[in-house]
Amino acid sequence: MKWSKYFSPTIKEIPADAQVASHQLMLRAGLIAQECAGIYYWLPQGLKVLRNIMRIVQEEQDKAGFNEILIPTLQPTDLWQESNRYDGYGKEMLRIKDRHDRELIYGPTAEEAVTDIFRRYVKSYKDLPMVLYQIQWKFRDEIRPRFGVMRGREFLMKDGYSFDISEEAARETYRKVMKTYIAIFQRIGLQAMPVRADTGPIGGDLSHEFLIVAETGESTIYYDKAFDDLKLDGSDDDLDKLMAIYSATDELHDAESCSIPIEQLRYKKGIEIGHIFYFGDKYSKTMNAKVMDESGKLSAVYSGSYGIGVSRMVAAIIEASHDEHGIVWPESVAPFQFGLLNLKIAHEQTTKLCEDIYACFQKENKTILYDDRKEGAGAKFSDMDLIGLPWQIIVGPKNAEENKVELKNRKTGERAVISVEGLYERFLQG
RNA sequence: CGGGGCGUAGCGCAGCCUGGUAGCGUGUCUGGUUUGGGUCCAGAAGGUCGGAGGUUCGAAUCCUCUCGCCCCGACCA
């Protein structure tokens, strides 16, 4: 992509309405723009990041054998009456009336809708376990949205729902989902901690929050220091260890009754980007989602639901990965892998070399943003640092004349002048 | 919803207290200049001062109402 043709508006000034780093940077780097309180436009670069995260989530969910579906954003109120959540959900739920005065809601979650799909088709235990998931925009009319997409009213969420014949089986499914979560966060390249969370009225130990560790996080996590030494790779072994180690959200943690000695206790700040929990037959009973079990009896299914805040994760990643110059994208989600800076458009050799590099990278489907704008070198350096692409290929007249470029790593700040051949060898096949 | 704050040029802000021809920085456009960290110079365009009503000879400024946005609290992927 050539920047001169790309809609990627960067802002030098810090927007007045943004308080936290991720919000400021998302606006300044041209990822999002505010439509109204808690609702945002997604501009090209922001959309690319969103899609990259979605893709990783989808791949890991599909790999585990989960089925992706898509629930409409609008849902009829009947289902919510049926599950007895219609009145309980309160003002957070956006209610809309159509021309026939029929009331609809803009879905804040989809337990009812998914249960409705499930009960229509699945009649036998032989079809279980089943996990259905979607990635869809949700709306929760928060009293006070804030921090940009970190806590917006409209947000993109991956929500999954599991159906099992027994609590034991449901527990297995829960673990399976947990493994996919660990894999997802690992691929994104951030330290995400699964932390035991409040299970609400159901009780038991089957609820975890996943938090991206960031200084600016709003939640505090308490955990056994053994956690720090654990390398999570998603194996069953690790999962067992993980489940055994003490961890708790700040609501759950109680210094008095904490099961581990104080010298073993650690705490960190984090941003919640995932929450999974088991809720048993809560909805299957009220909504009559039953299957025939082995003995020929109708049995309500046991369920759990599993969320990942996809749009929030964009902000959370930035909170965890930025510096004073701008965003520092992990390669896994970066809008482009490479930024190519032409420092002097008017210099024939420089521009020729840039065009060559651009063509070669494109040919091998490397995502590259070529800054071919008629801007000064300083502006290009600043903008490129701001948008945070992992690799910068800097081409100026002096180096161009010797067929050399400067390669800069955004994260480490390391720079090296290398030959064009060296550049190709490093990143390209042919 | 309670408490606080802000709406003036695309963006960031001053002017308001004490009413009298709407300003600064930046960005945009034009010409020149510069070219490894947002160069410099000159010129230009751009605002019904969030909206409505009122007071006044005269309102960005004073009064009333209203809409929007931000921050703190209770809620949350």
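These numbers were taken from a predicted model, which means no experiment stands behind them.

Topic: the nonpolar core
Stage number 1. Grouped together as the largest cluster of nonpolar side chains are 77 residues, with contacts concentrated most on Ile53, Val314 and Trp329.
Stage number 2. Looking at this core, you find at least three residues from each of domain 1 (3-323) and domain 2 (338-427).
Stage number 3. Those residues in contact with Ile53 that lie beyond four places of it in its chain are Ile188, Val310, Met313, Val314, Ile317 and Val333.
Stage number 4. Counting 20 residues, the second largest nonpolar core, distinct from the first, contains Leu340, Cys354, Leu407 and Leu423.

Quick look at unusual backbone geometry
Stage number 1. Cis rather than trans, the peptide bond between Leu128 and Pro129 has omega equal to 0°.
Stage number 2. For Pro129, the position within the fold is in the loop between helix H4 (111-121) and strand E7 (130-139).
Stage number 3. Unlike most non-glycine residues, Asp101 shows phi in positive territory, near 70°.
Stage number 4. Its place among the elements puts Asp101 in the loop between strand E5 (94-97) and strand E6 (103-106).
Stage number 5. Overall, Asp101 belongs to the exposed group, its relative accessible area being 57%.
Stage number 6. The backbone of Phe147 shows a phi angle near 60°, a positive value even though the residue is not glycine.
Stage number 7. Position of Phe147 among the secondary structure elements: in the loop between E7 and strand E8 (154-164).
Stage number 8. Judged by relative accessible area, Phe147 falls into the partly exposed class, the value being 25%.

Some words on the domain arrangement of chain A
Stage number 1. Here chain A is partitioned into domain 1 (3-323) and domain 2 (338-427).
Stage number 2. One C-alpha centre belongs to domain 1, the other to domain 2, and the line joining them spans 38 Å.
Stage number 3. At the interface, 10 residues of domain 1 touch 11 residues of domain 2.
Stage number 4. Surface buried jointly by domain 1 and domain 2 totals about 910 Å² across both partners, of which 62% is contributed by carbon and sulfur atoms.
Stage number 5. Connecting domain 1 to domain 2 are one salt bridge.
Stage number 6. Of the charged contacts, one joins Asp323 and Arg410 as a salt bridge, the two residues approaching to 2.8 Å between their closest N and O atoms.
Stage number 7. In terms of residue class, the side of domain 1 that touches domain 2 is built from five nonpolar, three polar and two charged.

Side note on the sheet that holds strand E4 (residues 74-76)
Stage number 1. Reading across from one edge, E4-E6-E5 is the order of the three strands in this open sheet, with antiparallel pairing throughout. Looking at the sheet topology across the chains shown, the edges are occupied by E4 and E5. Along the sheet, successive strands turn relative to each other by an average axial angle of 40°, direction set aside.
Stage number 2. In this structure, E5 lies alongside E6, joined through four bridges in antiparallel fashion. From the neighbouring strand, Leu94 faces E6, where its bridge partner is Tyr106.

Thoughts on the packing of aromatic side chains
Stage number 1. Under the definition given, this model contains 19 aromatic pairs.
Stage number 2. Ring centres of Tyr6 and Phe336 lie 5.5 Å apart, and the angle between their planes is 80°; on these two criteria the pair is classed as edge-to-face. You can see Tyr6 sitting in the segment before helix H1 (21-28) and its partner Phe336 sitting in the loop between strand E18 (326-327) and strand E19 (338-342), a full 330 residues away along the chain.
Stage number 3. Tyr6 gets classed as buried once you look at its relative accessible area, which sits at 11%.
Stage number 4. Judged by centre distance (6.4 Å) and plane angle (50°), the rings of Trp42 and Trp137 are tilted. Of the two residues, Trp42 is situated in strand E2 (residues 39-42) and Trp137 in strand E7; the sequence distance between them amounts to 95 residues.
Stage number 5. Look at Trp42 and you get buried, because its relative accessible area is 17%.
Stage number 6. A network of ring pairs unites the aromatic residues Phe338, Phe361, Trp391, Tyr424 and Phe427 as a single cluster.
Stage number 7. The ring centre of Tyr86 lies 4.5 Å from the NZ or CZ of Arg95, which sits over that ring.
Stage number 8. Between Arg373 and the ring centre of Trp3, over which it is positioned, the NZ or CZ distance is 4.0 Å.

Definitions and cut-offs
Residues numbered from 1 in each chain as written. Chains lettered and ligands numbered in written order. Predicted model: local features only at pLDDT ≥ 70, side-chain atom pairs only at ≥ 80, totals over all residues. Heavy atoms only, no water. Core = buried A, V, L, I, M, F, W, Y, C linked by side-chain atoms within 4.5 Å. Buried < 20%, exposed > 50% of the residue type's maximum accessible area, 1.4 Å probe, protein only. Domains from an automatic or database assignment. Contact = heavy atoms within 4.5 Å. Helix = DSSP H or I, 4+ residues; strand = E, 2+ residues; numbered from the N terminus. Buried area = accessible area lost by both parts, 1.4 Å probe. Salt bridge = Lys/Arg side-chain N within 4 Å of Asp/Glu carboxyl O. Nonpolar A, V, L, I, M, F, W, Y, C, P; charged D, E, K, R; others polar. Pairing = 2+ DSSP bridges. Axes fitted to C-alpha atoms, helices over the stretch in contact; angles between N-to-C directions. Phe/Tyr/Trp six-rings, centres within 6.5 Å; stacked < 30°, edge-to-face > 60°. Lys NZ or Arg CZ within 6 Å of the ring centre and 35° of its normal.

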